[in-house]
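Chain and residue survey
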Amino acid sequence: MLRFTTIFVLTLLAANGAFGHGGYVDLVPNGSVNSCNTCHLNFSFGQDFGDGDEQWTAALAAMDSDGDGYSNGVELLDPDGTWSVGDPDPGDPADVTNPDDPDDFPDDTGVDPASFGKTKSVFR
Ligand code: HEC
Ligand SMILES: [Ca+2]
Ligand SMILES: [Ca+2]
C-alpha cells in the first residue's frame, strides 16, 4: 500500500511536470483544488501573482483579484497570507473557492449548499 501510494504520487508529479510550469499550483495555498484555473481562468489573480514576484504574500492574500468581495486569502483559506511553499494546504479543500473566478466565492449567504454547488458548476 505504501509502495502503491509512493508510485502514485511520483506519477502525479511527473504528469504535472509535463505541463510546462505545472509546479505553479504548489506556489499558492490550496492551488491544487482549482489547479491551473486558480490563476488562468481570467488571469486576474494570475496577473496579481505575477506582479507580486510570483510569491504568495500577505499583500497578495489581502487583495481581491477577481473583485467578488472576498480576498484571495479568504478564498484560498489563508486569510493572513502566512502560508509558505511546502506547508500543508490550510483548511478543508471543499471550502476553497477560486480567487480568479468572480462567480465562485465562499457560501455564507444561507443558500442551500447543494443547489449553490450546482450553480457554481455552471461557471466552471
Ligand atoms: C499560481 C498561479 C499560476 C498557476 C497555478 C498556473 N500558472 Fe500559468 N502562469 C502564471 C503566470 C503568473 C504566468 C505568466 C508569467 C510567467 O510566464 O511566468 C503564467 C504563464 C503561463 C503560460 C504562458 C507560457 C509560460 O510558461 O510562460 C502557460 C501556457 C501557462 N501559464 C499554463 C499553465 C498551466 C497549464 C497551469 C496548470 C498546470 C498553470 N499555468 C498554472 C501563473 C500560474
Ligand atoms: Ca476574490
Ligand atoms: Ca472568487
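Residues numbered from 1 in each chain as written. Chains lettered and ligands numbered in written order. Predicted model: local features only at pLDDT ≥ 70, side-chain atom pairs only at ≥ 80, totals over all residues.

With that out of the way, let us pick up the site of ligand 1. Surrounding ligand 1, one finds 18 residues, the nearest of these being Gly 22, Tyr 24, Cys 36, Cys 39 and Gly 50. Elements that contribute at least two residues to the shell around ligand 1 include exactly α3 (37-40) and α4 (44-51). Partitioned by chemical class, the residues of the shell around ligand 1 number eight nonpolar, nine polar and one charged. (Near = placed C-beta within 6 Å. Helix = DSSP H or I, 4+ residues; strand = E, 2+ residues; numbered from the N terminus. Nonpolar A, V, L, I, M, F, W, Y, C, P; charged D, E, K, R; others polar.)

Quick look at α4 now. Since the α-helix packs 3.6 residues into each turn, any two residues three or four apart lie on the same face. Among all positions of α4, only Phe 45, Gly 46 and Phe 49 are buried. Looking down the long axis of α4, one finds its buried residues gathered within 100° of arc, a one-sided arrangement. Turned more than 90 degrees away from the buried face of α4 sit Gly 50 and Asp 51, all of them exposed. Buried residues along α4 sit in contact with α3, α5 (58-62) and α6 (72-75). (Buried ≥ 20, exposed ≤ 12 C-beta atoms within 10 Å, placed from the backbone. Arc of directions from axis to C-beta. Contact = placed C-beta atoms within 7 Å.)

Here we take up the nonpolar core. Among the nonpolar cores identified, the biggest contains ten residues, and these are Val 28, Cys 39, Phe 45, Phe 49, Trp 56, Leu 60, Ala 61, Met 63, Leu 76 and Val 96. For this core, the secondary-structure elements that each account for two or more residues are α4 and α5. Other than its neighbours up to four places away in sequence, Ala 61 contacts Ser 71, Asn 72, Gly 73, Asp 78, Pro 79, Asp 80 and Gly 81. (Core = buried A, V, L, I, M, F, W, Y, C linked by C-beta atoms within 7 Å.)

Our next topic: the confidence of the model for the protein. With 70% of its residues at a pLDDT of 70 or more, the protein shows a mean pLDDT of 83. Within the model, pLDDT remains below 50 along residues 4-14, and this stretch shows zero contacts once partners closer than five positions in the same chain are excluded. (pLDDT = per-residue confidence, 0-100.)

Turning our eyes to something else, we now look at unusual backbone geometry. In this structure, Asp 53 takes a positive phi of about 65° despite not being glycine. With 8 C-beta atoms counted inside 10 Å, the residue Asp 53 sits in the exposed group. Despite not being glycine, Glu 54 shows a phi value in the positive range, around 55°. Tracing the sequence through the fold places Glu 54 in the loop between α4 and α5. By the C-beta count within 10 Å, which is 14 here, Glu 54 ends up partly exposed.

Now for the environment of Asp 66. Within the fold, Asp 66 resides in the loop between α5 and α6. Sequence spacing of Asp 66 and Asp 100 is 34 residues, and the spatial spacing of their C-alpha atoms is 5.2 Å. Asp 66 has contacts with Asn 42, Ser 44, Phe 45, Pro 99, Asp 100, Asp 101 and Pro 102, leaving out every residue within four places of it along the chain.

With respect to the helices, strands and loops of the structure, Glu 75 is situated in helix α6. Sequence-wise, Glu 75 and Phe 105 are 30 residues apart; in three dimensions their C-alpha atoms are separated by 6.7 Å. In this structure Glu 75 touches Tyr 70, Val 96, Thr 97, Asn 98, Pro 99 and Phe 105, once residues within four positions along its chain are discounted.

Among the secondary structure elements, Leu 77 is positioned in the loop between α6 and α7 (113-122). With 19 C-beta atoms packed within 10 Å, Leu 77 lands in the partly exposed category. In this structure the C-alpha to C-alpha distance between Leu 77 and Asp 89, which are twelve residues apart in sequence, comes to 8.5 Å. For Leu 77, the residues in contact, after removing those within four places along its chain, are Pro 29, Asn 30, Pro 90, Gly 91, Asp 95 and Val 96.

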